[in-house]
Amino acid sequence: MTEVRLVDIEKRYGGFLALPKQSLTIEAGEFLVLLGPSGCGKTTTMRMIAGLEDITSGDVLIDNDRVNDKPPKDRDIAMVFQNYGLYPHMTVAQNIGYPLKLRGISKAECTARVLEIAEKVELEELLKRRPSELSGGQRQRVALARAIIRTPKIFLMDEPLSNLDAKLRVTMRAELKHLHHELGVTTIYVTHDQMEAMTLATRIAVMREGRIVQLDTPKKIYSEPVDLFVAGFIGSPSMNLIKGEVENGFFVAKGVKIPVQFSDRCDVVLGVRPEDLEIVERQRANIMAPVYALELTGDATLVTIKDGATSICVRGPADFEANIDEVCHIAPRKPEKLHLFDKSTGERLNS
Amino acid sequence: MQDRFLSYALLVPAFVIVVATTIYPLAYSFITSFREWDLTRQRTPDDFVGLQNYAHAVAETGFQNSLWVTVIFVVASVVLTLVLAMSLALLLRRRGPLHTFTRIILILPFAMSPALIGVSYRFMFNPEFGVLAVGLGSIFPGLKGTPWLADPDLAMAVLVVTDVWHWTPYMTFMCLGGLASIPRETEEAARIDGASGFRVIWEIVLPQMKGVLLVTAILKTIFALKMFDQVVTLTGGGPGTSTETLAYFVFNVGFKWYDMGYASALAWILTLIMMVISAWYVRMLLSDKNTATA
Ligand SMILES: Nc1ncnc2c1ncn2[C@@H]1O[C@H](COP(=O)(O)OP(=O)(O)OP(=O)(O)O)[C@@H](O)[C@H]1O
Ligand SMILES: [Mg+2]
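Note that the coordinates shown come from a computational prediction; the quantities given were computed from them, not determined experimentally.

### Considerations on helix α4 (residues 136-148) of chain A
The terminal C-alpha atoms of α4 of chain A, which comprises 13 residues, lie 19 Å apart, in line with the 18 Å expected from a rise of 1.5 Å per residue. Within α4 of chain A, twelve of the 13 residues are buried, leaving the element largely enclosed by the surrounding structure. Inspection of α4 of chain A places Gly137, Gln138, Arg139, Gln140, Arg141, Val142, Ala143, Leu144, Ala145, Arg146, Ala147 and Ile148 of chain A among the buried residues, and these make up the whole buried set. Looking at the buried positions of α4 of chain A, the neighbouring elements they touch are β6 (77-80), α2 (92-102), α3 (107-120), β7 (154-158) and α5 (166-183) of chain A together with α9 (184-193) of chain B.

In structure tokens form, the structure reads like this:
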């Protein structure tokens, strides 16, 4: 098993600083998910680990071996590219089998392996086609198959499931999870899908503008976001962020009065996830506002209430019914699920 | 209705010019190729002689020789130009001040007139005072005093060299264009999959260049088949008839011996050869549609 260490790596494209000095240790056998908005430097980070991009300064260490000047082919990495990078002149089978061919593995063994992997990604009927004759999702699965056909030291996967339908995505996710369990290969994985990040990751690194903002287990990231950015980025529907102030042990905002254990302070933001709120009878209510929208998601109803600038989403029971503009009463389920942030710096205030 | 009439009316001048300068001469030469016409004896074409002119060509050693010379020239110059152009393009495709500068000055040979190239090379390969002949002689003493243009094989070699020198830059640019359109990820994926630099080029880059290389080959073949200017100014078809290309031979028959019927027939044979080769290339190109980029 392989450990990857990024030490003070920095990446500039001309004058543009894509990645300011960052350090990150990916432990042996870990499944690390990189999460962050578009353009935050996830692909760049991966390309530097793979050796496709020059590192402006800093070191990349694979198993304590400085690999800055090692060409990609000697790093023993398999990668799924964000835009696939399939070989257009080869058939699907040839594409998938190319890494084995390069290693001088016999034709018979190669064919057998290709067939086995193709079945895993449900491509066995398309083996004779060219990439140009495939749909986006099919191409993506070819790219995935080409990466997992051999056991490298490190897997780099840049949104490998982004183009698949919901059902296939779940199947492939399970497939990847199993593969990681079976082989224990250190994996670095980019996704925009919360579920994927939560279910697959050993740890998640949340990135913003080239910086790693928080590096933690999925559970910790979800339950204790370090700042407003992480709080707003993780979770779907996202965490309610209510601007207000703390007065005499209560967080107050328009239509909101919730007891919190915190000293008085202006300009705070209260964060609370929709599932940590519940619809209650009038007497117990901490939040009161007219219903703005109702969305049935299947197993629950998302109720959005709105009073002036404050808009709050609650996860209610599936059979909840109310009229629009009817006043709705809400209370937090548990006081420990309330997050307080500084409005100007975005930093977390309570622990 | 009026619009339609107008659009046809506007086409008339262009149509007239094309007919007068292209269609009419083509048709005229085609008809002439079936007639007897010695320009030293009469001003208008003589009797129809059927396929006699064509039959004569097949039997005549002068024509057979020029056909053979042309084949050797075309194969040598097309292969050499393509290999050189592709290699140069691979070297020059990276970005950098030196690369850009080289790319710019590379176009110079192509800016030169072929006839002048012939004259210049004739001077440069003069065994006594030519800079290339003397230079080569001083680097490789065995080559001292080599009569470059007086030896049949060497003259052909020099002719090929001038043509390759002339065309390589242009073809390099075509290859550079082709290289630029190859998705970068395909090469990167291959490098990560473990391919050496050589295998990336051989197994990933070149197969994707197939279309561009075919088009380049078609163009170069057609230009090589028409080879005329440098033959006139560099070797004059000689020594003997060793560098007498088809185009040069046709010119001689028509404008030295004034045998117009025979010259027309020869010209049409050359045209036919070009058409067959082009059709073959185009078929290869079309069968290649699978390699459209993914
Ligand atoms: N070759 C390049 N030249 C200049 N800037 C670049 C280059 N490649 C990436 N960038 C910039 O670097 C930043 C990070 O890009 P990167 O591709 O790593 O983003 P990402 O996190 O993968 O985004 P996405 O989720 O959209 O794929 C972006 O602002 C991008 O514009
Ligand atoms: Mg990306």
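### Let's talk about empty space enclosed by the protein
All names here are of chain A. If you walk through the whole model with that rule in mind, you get three cavities of 30 Å³ or more. If you add up the space inside the largest cavity, you get close to 50 Å³. If you list the elements that add at least two residues to the lining of the largest cavity, you get β7 and α5. Class assignment of the residues belonging to the lining of the largest cavity gives a composition of six nonpolar, two polar and no charged.

### Let's talk about the site of ligand 1
Residue and element names in this part refer to chain A. Taken together, 13 residues are adjacent to ligand 1, and Ser38, Lys42, Thr43, Thr44 and Gln82 come closest. Contact distances for ligand 1 include 2.5 Å between an oxygen atom and a side-chain N or O atom of Ser38. Contacts to ligand 1 include Thr43, whose side-chain N or O atom sits 2.5 Å from an oxygen atom. With the chains in place, 64% of the 640 Å² that ligand 1 exposes on its own is no longer accessible.

### A look at the pairing of β7 of chain A
All names here are of chain A. Of all five residues in β7, five are buried, a share of seventy percent or more. Covered by surrounding structure in β7 are Ile154, Leu156 and Asp158 together with Phe155 and Met157, the residues of both alternating faces. Pairing of β6 with β7 involves four bridges; the strand directions are parallel. Bridge pairing in β7 places Met79 opposite Leu156. Viewed along the sheet, the connection from β7 through α5 into strand β8 (residues 186-190) turns out right-handed.

### Details of the interface of chain A and chain B
The partner chain B presents 22 residues to the 29 residues of chain A that form the contact. Together chain A and chain B conceal approximately 2,200 Å² of surface at their shared face, both sides included; 59% is due to carbon and sulfur atoms. Interface area lost by chain A to chain B is led by Pro88, His89 and Leu102 of chain A, which between them contribute 25%. Taken together, the connections running from chain A to chain B amount to two salt bridges. As a salt-bridge pair, Asp193 of chain B and Arg146 of chain A come within 3.7 Å of each other at their nearest N and O atoms. Applying the counting rule to chain A against chain B returns nine residue pairs in polar contact (both at pLDDT 80 or more). The set of elements that each furnish at least two residues to the side of chain A that touches chain B consists of α1 (42-50), β6, α2 and α4 of chain A. Class assignment for the residues of the side of chain A that touches chain B results in 15 nonpolar, five polar and nine charged.

### Remarks on the sheet that holds β7 of chain A
Residue and element names in this part refer to chain A. Taken together, the six strands give an open sheet; going across it, the order is β6-β7-β8-β3-β9-β10, and neighbouring strands pair in mixed fashion. Looking at strand neighbours, the two that pair on one side only are β6 and β10 (211-216), the edges of this open sheet. Direction aside, neighbouring strands of the sheet carry axes that sit 15° apart on average. Pairing geometry for strand β3 (residues 31-35) and β8, over four bridges, is parallel. The partner of Leu34 across the bridge, within β8, is Val190. Packed onto the sheet, α1 meets β3, β6, β7, β8 and β9 (203-208) and runs at close to 150° relative to β7.

### Some thoughts on unusual backbone geometry
Residues and elements named next belong to chain A. Residue Pro237 is reached from Ser236 by a cis peptide bond, and omega for that bond is -5°. Residue position: Pro237 is located in the loop between α8 (228-233) and β11 (240-247). The phi dihedral of Glu122 is positive, around 55°, even though this residue is not glycine. Positionally, Glu122 belongs in the loop between α3 and α4.

### Quick look at the coordination of the magnesium ion (ligand 2)
Tetrahedral metal sites with four donors have an ideal angle of 109.5 degrees; octahedral sites with six donors have ideal angles of 90 or 180 degrees. All names here are of chain A. Taken together, Thr43 (OG1) and Gln82 (OE1) make up the full set of protein donors to the magnesium ion (ligand 2), lying 1.9 to 2.3 Å away. Residue Thr43 is located in helix α1, and its partner Gln82 is located in the loop between β6 and α2; the two are separated by 39 residues in the primary sequence. Residue Thr43 is classed as partly exposed on the basis of its relative accessible area, which comes to 26%.

### Describing the layout of surface pockets
The computed volume of the largest pocket comes to approximately 1,000 Å³. Lining the largest pocket are 23 residues; nearest its centre among them are Arg93, Arg94, Arg184, Glu187 and Arg191 of chain B. Broken down by secondary-structure element, the contributors of at least two residues to the lining of the largest pocket are α3 (61-92), α8 (152-180), α9 and α10 (197-208) of chain B. When its volume is computed, the second largest pocket comes out at roughly 400 Å³. Around the second largest pocket, the lining is made up of 14 residues, and of these Ala93, Gln94, Gly97, Lys107 and Cys110 of chain A lie nearest the centre.

Rules and cut-offs
Residues numbered from 1 in each chain as written. Chains lettered and ligands numbered in written order. Predicted model: local features only at pLDDT ≥ 70, side-chain atom pairs only at ≥ 80, totals over all residues. Heavy atoms only, no water. Helix = DSSP H or I, 4+ residues; strand = E, 2+ residues; numbered from the N terminus. Expected span 1.5 Å × (residues − 1). Buried < 20%, exposed > 50% of the residue type's maximum accessible area, 1.4 Å probe, protein only. Contact = heavy atoms within 4.5 Å. 1 Å grid on protein atoms, 1.4 Å probe; cavity = no way out; pocket = protein on both sides within 12 Å on 5 of 7 lines; lining within 4 Å. Points joined across faces, edges and corners; volume = space filled by probe spheres on them. Nonpolar A, V, L, I, M, F, W, Y, C, P; charged D, E, K, R; others polar. Near = heavy atom within 4 Å. Polar contact = N/O pair within 3.5 Å; in protein donor to acceptor, adjacent residues only side chain to side chain. Areas by Shrake-Rupley, 256 points an atom, 1.4 Å probe, with all protein chains shown as cover. Pairing = 2+ DSSP bridges. Right-handed = clockwise from strand over helix to strand, strands pointing away. Buried area = accessible area lost by both parts, 1.4 Å probe. Salt bridge = Lys/Arg side-chain N within 4 Å of Asp/Glu carboxyl O. Axes fitted to C-alpha atoms, helices over the stretch in contact; angles between N-to-C directions. Donors = N, O, S within 2.8 Å, 3.2 Å for Na, K, Ca; no water.

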